[in-house]
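# Observations on the three-dimensional arrangement
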Amino acid sequence: MASHPASHPASVPTRPRASDSIGGAFWMFTAIVLGFTAAAVGLAAFLMWLDARGDGQSAAAPAAIEAPADHHAAGTAVHAHTTAAGLESFAGAAPENAQDLAAAHKPFPAEMPAVQAGPLAKFNLVLTDRTVEVAPGVKYSAWAWEGGAPGPVIHVQKGQTVQITLTNKGAIPHSIDFHAARIAPNVAFKDVMPGESFTFRFKANDPGVYMYHCGTKPVLMHIANGMYGAIVVDPEAGVLPPADHDYVLVASEWYLNTDGLNAPAEFNLTKAHARQPDWMTFNGYAGQYVAHPLTAKPGELVRFWVVDAGPSLDTDFHVVGTIFDAAYPFGDMKPDHALHGVQTVTVPAGGGGVFDVKIDEPGLYPFVSHAFAAVDEGQVGLLKVGKVDGTMSH
Ligand SMILES: [Cu+2]
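Rules and cut-offs
- Residues numbered from 1 in each chain as written.
- Predicted model: local features only at pLDDT ≥ 70, side-chain atom pairs only at ≥ 80, totals over all residues.
- Heavy atoms only, no water.
- Donors = N, O, S within 2.8 Å, 3.2 Å for Na, K, Ca; no water.
- Tetrahedral: all angles 85-135°; square planar, octahedral: opposite > 155°, others 65-115°.
- Helix = DSSP H or I, 4+ residues; strand = E, 2+ residues; numbered from the N terminus.
- Buried < 20%, exposed > 50% of the residue type's maximum accessible area, 1.4 Å probe, protein only.
- Core = buried A, V, L, I, M, F, W, Y, C linked by side-chain atoms within 4.5 Å.
- Contact = heavy atoms within 4.5 Å.
- Pairing = 2+ DSSP bridges.
- Axes fitted to C-alpha atoms, helices over the stretch in contact; angles between N-to-C directions.
- Salt bridge = Lys/Arg side-chain N within 4 Å of Asp/Glu carboxyl O.
- Phe/Tyr/Trp six-rings, centres within 6.5 Å; stacked < 30°, edge-to-face > 60°.

A separate point is the coordination of the copper ion. The protein atoms that coordinate the copper ion are His 174 (ND1), Cys 214 (SG), His 222 (ND1) and Met 227 (SD), at distances spanning 2.0 to 2.6 Å. In this structure, the copper ion is coordinated by four donor atoms arranged in tetrahedral fashion, with angles at the metal of 89 to 132°. Of note, the donors binding the copper ion are all from one chain and are spaced H-x39-C-x7-H-x4-M. Here His 174, found in the loop between β4 (161–168) and β5 (177–178), pairs with Cys 214, found in the loop between β7 (208–213) and α7 (219–224); they are 40 residues apart in sequence, far enough to count as distant. Of the two residues, His 174 and Cys 214, neither departs from the other in class, the shared state being buried.

Printed below as a string of structure tokens:
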């Protein structure tokens, strides 16, 4: 695809208009949903974008990454070279049947599961080495969970005791670090050997939405390989206005050593250090909620519980076409700390945030990381409000 001839922007007809300058990948995914007969429009923009990225590749580039010892002489120019990196990007790689694969993909369930009854909530988490798909037709050799990446959403009530049993079916030691816990890490987050299980408990006293992840070294690699998930700790009843829909989104990046189209790609440490992902996703798969939108009825309160698993990039959460009625930055759930009427809120790597929207007008409302490279790399979904002509029924 990188050899696709460059197209002039003027050759792209009837590019859809929107309040945001939305990238090629977004329109490719959107085209699937909206049923544009001109799906090629999005694809053409997408290929142009790929070509632009391809221009940055050169044999000389790796030398630029090896920064010279004389930092004063290097100045900002070398820095710019480093961030441009010249690393080979596989962003946007897609087989010819990508649209069919996107439609056939079973999306990660974003709906928050129910809380278990009683004072003790028990969860079994099983780690395993498995191939996952991170985008249509793009396979990745992950260290993940039995269901893929992210791991299952854990939902508890403030005051519950949480019992975690971690079973390691992988080939190397792993562990689990719960950001919602106040507990000695050397005791609870210790390495679990292959074939073994480990159980620990903590009391969920702090409401919010938190990351959990493998904390075994090198942590960057264990997280980038898929070993993360979200835990929601509900505040006491009555603290938050009741939501009609609770959707959990785990943002993350994928760093690939190949395009993953023929054989599974593996982790690329150089790209991870350069923070140059190939794909960025909500719940592990590029654009899955574009092909399979989340839904609400007009006027309903939709609450997004967002975790950014990283491993390294922030998520600038934004819903196109509306404004947050309430935002709980960093997952601070105290109502008098909430923000109102704000457009975009950063969710830091390793952090969370909670966002309420109430949309009256039927339509398709994209939710994105408004750091727009993330959108081109797959961190985009749709909230379908009410009945929208020309979209799938669900
Ligand atoms: Cu691990």
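Turning to the nonpolar core, a few remarks are in order. Proteins that are soluble and globular tend to have nonpolar side chains buried together. By size, the foremost hydrophobic cluster in this structure holds 90 residues, and its most contacted members are Ile 164, Phe 178, Phe 304, Phe 317, Phe 367 and Leu 383. Examining the composition of this core, we find that seven residues originate from one element, strand β1 (residues 120–135), more than from any other. Setting aside residues up to four positions removed in sequence, Phe 317 forms contacts with Leu 249, Phe 282, Phe 304, Val 306, Phe 324, Gln 343, Thr 344, Val 345, Val 347, Phe 355, Phe 367 and Val 368. If you look at the next biggest cluster of nonpolar residues, it comprises six residues, including Val 290, Val 368, Val 375 and Leu 382.

The five strands lie next to each other as β11-β18-β17-β13-β15, forming an open sheet whose pairing is mixed. Of all strands in the sheet, those bounded by a partner on one side alone are β11 (294–296) and β15 (344–347). Recorded for the sheet is a direction-independent mean angle of 25° between the axes of neighbouring strands. Examined bridge by bridge, strand β13 (residues 315–319) and β15 share four bridges and lie antiparallel to one another. Following the sheet pairing, His 318 is matched in β15 by Thr 344.

Another aspect to go through is the sheet that holds β7. Hydrogen bonding along the main chain pairs the strands of a sheet, whether they run parallel or antiparallel. Taken in spatial order, the four strands make up an open sheet running β3-β8-β7-β5, and their pairing is mixed. The open sheet has two edge strands with one neighbour each: β3 (154–157) and β5. By the bridge criterion, four bridges tie β3 to strand β8 (residues 228–234) in an arrangement that is parallel. Pairing of Ile 154 across the sheet is with Ile 231, part of β8.

Working note: regular strand, side chains alternate between the two faces of the sheet. With seven of its eight residues buried, β4 lies for the most part within the structure. Of the pairings in the sheet, the one linking β1 to β4 comprises eight bridges and is parallel in character. Looking at β4, one finds that Phe 123 is bridged to Ile 164. Where β4 lies against strand β6 (residues 197–203), seven bridges are found, and the strand directions are antiparallel. The partner of Thr 167 across the bridge, within β6, is Ser 197.

This brings us to the pattern of salt bridges. Counted according to the given criterion, the structure contains seven salt bridges. A salt bridge links Lys 158 to Glu 236, with the nearest nitrogen and oxygen atoms 3.0 Å apart. Here Glu 236 lies in the loop between β8 and β9 (245–254) and Lys 158 lies in the loop between β3 and β4, a separation of 78 residues in the sequence. Using a relative accessible area of 31% as the deciding quantity, one classes Lys 158 as partly exposed. One salt bridge connects Lys 271 with Asp 278, and the closest N-O pair in it is separated by 2.9 Å.

On to the packing of aromatic side chains, then. Working definition: an aromatic ring pair is given by the centre-to-centre distance plus the angle between the planes. Counting across every chain of the model gives 18 aromatic pairs. Aromatic pair Phe 178 and Tyr 212: ring centres 4.9 Å apart, planes at 25°, arrangement stacked. Of this pair, Phe 178 sits in strand β5 while Tyr 212 sits in strand β7, and the two are 34 residues apart along the sequence.

Our focus in this paragraph is the environment of Gly 351. Checked against the element boundaries, Gly 351 lands in strand β16 (residues 351–358). Separated by 44 residues in sequence, Gly 351 and Val 307 place their C-alpha atoms 5.8 Å apart. Residues in contact with Gly 351, not counting those within four places in the same chain, are Val 306, Val 307 and Asp 308.

On to unusual backbone geometry. Looking along the chain, the bond that leaves Lys 217 and enters Pro 218 is cis, with omega of -10°. With respect to the helices and strands, Pro 218 occurs in the loop between β7 and α7. Looking along the chain, the bond that leaves Gly 310 and enters Pro 311 is cis, with omega of 20°. Mapping Pro 311 onto the fold places it in the loop between β12 (301–310) and β13. Of note, Asn 283 is a non-glycine position whose phi angle comes to about 60°, a positive value. Position of Asn 283 relative to the elements: it lies in the loop between β10 (279–282) and α9 (288–291). Relative accessible area serves as the criterion here: at 2%, Asn 283 is assigned to the buried category.

With respect to the helices, strands and loops of the structure, His 105 is situated in the loop between α5 (98–104) and β1. Judged by relative accessible area, which is 18%, His 105 ranks as buried. In this view, His 105 contacts Tyr 285, Gln 288 and His 292; residues no more than four positions away in its chain are not counted.

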